[in-house]
Amino acid sequence: MTEVRDEEPAARGQEQRRPEDEPGTGVVTVFGRQLKLLRTRAGLDRAEFGKLVGYSADTVASIEQGRRIPQPRFIDRADEVLGAGGLLMAMKEEVGRAQYPAYFQDAVRLEARAAALNLYAVYAVPGLLQTEDYARAVFQMQRPLLPDEVIEQRLEARLARQEVFSRRPAPLMSFVIEEAVLRRPLGGRKVMREALEQILLTAQLRHVEVQVMPTDREDNAALGGPFTLIDTDKGQRIAYAEVQDDSRLYTEVIKVRELEARYGILRSQALTPSESSAFIEKLLGES
């Protein structure tokens, strides 16, 4: 999914962030306060608690102050060590969504539980297929610049989304990627080569199909831009689309069917999965 637009106006030595991108707001702050309360009640200082959960005192301080979003493994271990009885674990899903930009939080919740995902990529390798170095390069090149801690938070969150590939039951997944995306060496030639290799490996999974849309095709049914079709675990199909500063989830039947039709035609116009793998292998040979 191409959620590669985050806009925090930045100046040299000073950055301004939108409220949804500011560490220490909302559920993250509440979690930090709860954690500190439980830790102090247990009679533990930050260093002692940090040793028990496997994190530094500085990391614990950052989480308690709402400046760092805790990962699921931290939440599970903290709940156990502090005898919280599930109080901290009950906040895990909401805290996890705080890792993502506000415009993407609903989509990532649906993605994690999807029965099927169909994605059309136009500008960059889809987030679900990105390597760590490719994803970091995408975040680092955004303008206005993102603060370093926001980049690291979003990088970790993006890679965590890829757990969907090992989920059981496995969701059916289809990707149609424009050829230009595969030829655009974001992050450098080495980074792009590793990204192509990862796409090839992922395409070998039984529940995943990757197709390339060649640039020389005379027909393209989806010139309106990238989008994703999400089949929920409740049997509903929802569409998600992003364009610059606007993103939207579509649930209206007419709009969803329109995008379904576009995607179906697009797949028929693109290379087949086997042809696409051969095409990517050829690109690797050229790099």
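Every chain begins its residue count from 1, and numbering advances along the sequence as written. Note on the predicted model: pLDDT of at least 70 is required for a residue's local features to be given, and 80 or more for side-chain atom pairs to be given and counted; whole-chain, interface and lining totals, by contrast, use all residues. Each side-chain value is derived from all of the structure's non-hydrogen atoms; neither hydrogens nor water enter the calculation.

### Some details on the overall build of the protein
Elements are defined by DSSP. Helices are runs of H or I of four residues or more, strands are runs of E of two residues or more, and each kind is numbered from the N terminus. Of regular secondary structure, the protein possesses 12 helices and 8 strands. With 287 residues in all, the protein has 48% of them scored as buried. Only protein chains enter the accessibility calculation, which uses a 1.4 Å probe; a residue is then buried when its area is under 20% of its type maximum, exposed when over 50%, and partly exposed in between.

### Brief notes about the pattern of salt bridges
We define a salt bridge as a contact between a side-chain nitrogen of Lys or Arg and a carboxyl oxygen of Asp or Glu at a distance within 4 Å. Counted under the stated rule, the structure contains 19 salt bridges. Between Arg237 and Glu260 there is a salt bridge, and its shortest N-O distance comes to 3.1 Å. Placement of Arg237 in strand E7 (residues 237-243) and of Glu260 in helix H11 (residues 253-269) is noted, with a sequence separation of 23 residues between them. The structure contains a network of salt bridges with shared partners spanning Glu132, Asp133, Arg136 and Glu152.

### Some thoughts on helix H6 (residues 105-112)
Within the span of H6, buried status applies to Ala107, Val108, Leu110 and Glu111. One side of H6 holds all its buried residues, which, seen down the axis, span an arc of 160 degrees. To obtain the arc, one takes the directions from the helix axis to the C-beta atoms.

### Here's the deal with the nonpolar core
Think of a nonpolar core as a cluster: buried Ala, Val, Leu, Ile, Met, Phe, Trp, Tyr and Cys residues, connected wherever their side-chain atoms sit within 4.5 Å. Counting residues in each nonpolar core, the largest one holds 35 residues, and the members touching the most others are Tyr134, Phe165, Met173, Phe175, Ile177 and Leu182. Residue assignment for this core shows that the elements contributing at least two residues are strand E3 (116-121), helix H7 (132-140), strand E4 (172-178), helix H9 (179-183), helix H10 (189-203), strand E5 (208-213) and helix H12 (273-286). No other element matches H10, which puts 6 residues into this core. Note on contacts: a residue pair is in contact if any heavy atoms of the two residues lie within 4.5 Å. Apart from residues lying up to four places away in sequence, Leu182 is in contact with Ile177, Met192, Leu196, Ile199, Val212, Ile280 and Leu283. Judged by nonpolar contacts, the second largest core, of 19 residues, contains Leu35, Phe49, Ile69 and Met91.

### Focus: the packing of H10 against H12
Here an axis means a line fitted to C-alpha atoms, over the contact stretch when the element is a helix, while the angle between two N-to-C directions is reported on a 0 to 180 degree scale. Contact geometry of H10 with H12 gives a least axis separation of 10 Å together with a crossing angle of 155 degrees. On the basis of the axis angle, H10 is roughly antiparallel to H12. Between H10 and H12 lies a crossing of left-handed hand. Here Arg193, Leu196, Glu197, Ile199, Leu200 and Ala203 of H10 lie close against H12, whose contacting residues are Ser277, Ile280, Glu281, Leu283 and Leu284. Polarity classes work like this: nonpolar for Ala, Val, Leu, Ile, Met, Phe, Trp, Tyr, Cys and Pro, charged for Asp, Glu, Lys and Arg, and polar for all others, with Gly in that last group. Split by residue class, the contact of H10 with H12 holds 7 nonpolar, 1 polar and 3 charged. Throughout, the term roughly parallel applies to angles under 35 degrees, roughly antiparallel to angles over 145, roughly perpendicular to angles from 65 to 115, and oblique to all others. Less than a right angle of anticlockwise turn of the near helix away from the far helix marks a crossing as left-handed, whereas a clockwise turn marks it as right-handed.

### Topic: the confidence of the model for the protein
Looking at the protein, the pLDDT average stands at 87 and 89% of residues meet or exceed 70. The low-confidence segment residues 1-24 (pLDDT under 50) makes 75 contacts with residues lying over four places distant or belonging to another chain. A score between 0 and 100, pLDDT records how confident the predictor is in each residue.

### Thoughts on the packing of aromatic side chains
A pair of Phe, Tyr and Trp rings is counted when the ring centres sit within 6.5 Å of each other, with Trp represented by its six-membered ring. The angle between the planes then sorts it: under 30 degrees is stacked, over 60 is edge-to-face, the rest tilted. Evaluation of the coordinates by the stated rule reveals 4 aromatic pairs. A centroid spacing of 6.2 Å and a plane angle of 75 degrees characterise the contact between Phe227 and Tyr263, whose relative ring orientation is edge-to-face. Here Phe227, found in strand E6 (residues 227-231), pairs with Tyr263, found in helix H11; they are 36 residues apart in sequence, far enough to count as distant. Chaining the aromatic ring pairs together yields one cluster made of Phe49, Tyr55 and Phe74.

### A word on the pairing of E6
Counting buried residues in E6 gives 5 out of 5 residues, a clear majority hidden from the surface. The criterion for strand pairing is that DSSP finds at least two bridges linking the strands in question. With 5 bridges joining them, E6 and E7 adopt antiparallel strand pairing. Across the sheet, the residue bridging to Thr228 is Tyr240, located in E7. Counting the residues in the hairpin turn of E6 and E7 gives 5 residues, including Gly235, whose phi is positive at 85 degrees.

### Description of the environment of Leu52
Along the polypeptide, Leu52 turns up in helix H2 (residues 46-53). Separated by 26 residues in the primary sequence, Leu52 and Ala78 place their C-alpha atoms 8.5 Å from one another. Excluding anything up to four places from it in sequence, Leu52 contacts Leu44, Arg77 and Val81.

### Topic: the pairing of E5
Most of E5 is tucked away: 5 of the 6 residues are buried. Relative to E5, E4 is paired through 6 bridges, and the arrangement is parallel. Within E5, the residue paired with Glu178 across the bridge is Met213.

### Regarding the environment of Glu275
Within the element layout of this structure, Glu275 appears in helix H12. A relative accessible area of 40% places Glu275 in the partly exposed class. Along the backbone, Glu275 and Gln211 are 64 residues apart, and their C-alpha atoms lie at a distance of 8.0 Å. One polar contact links the side chain of Glu275 to the main-chain amide nitrogen of Thr272, over a distance of 2.9 Å. Here a polar contact means two N or O atoms within 3.5 Å. Within protein one must be a hydrogen donor candidate and the other an acceptor candidate, and residues neighboring in sequence count only if both atoms are side-chain atoms.

### Observations concerning the environment of Pro72
On the secondary structure map, Pro72 appears in helix H4 (residues 72-81). For Pro72 and Gly96, which are 24 residues apart along the polypeptide, the C-alpha to C-alpha distance reads 7.4 Å.

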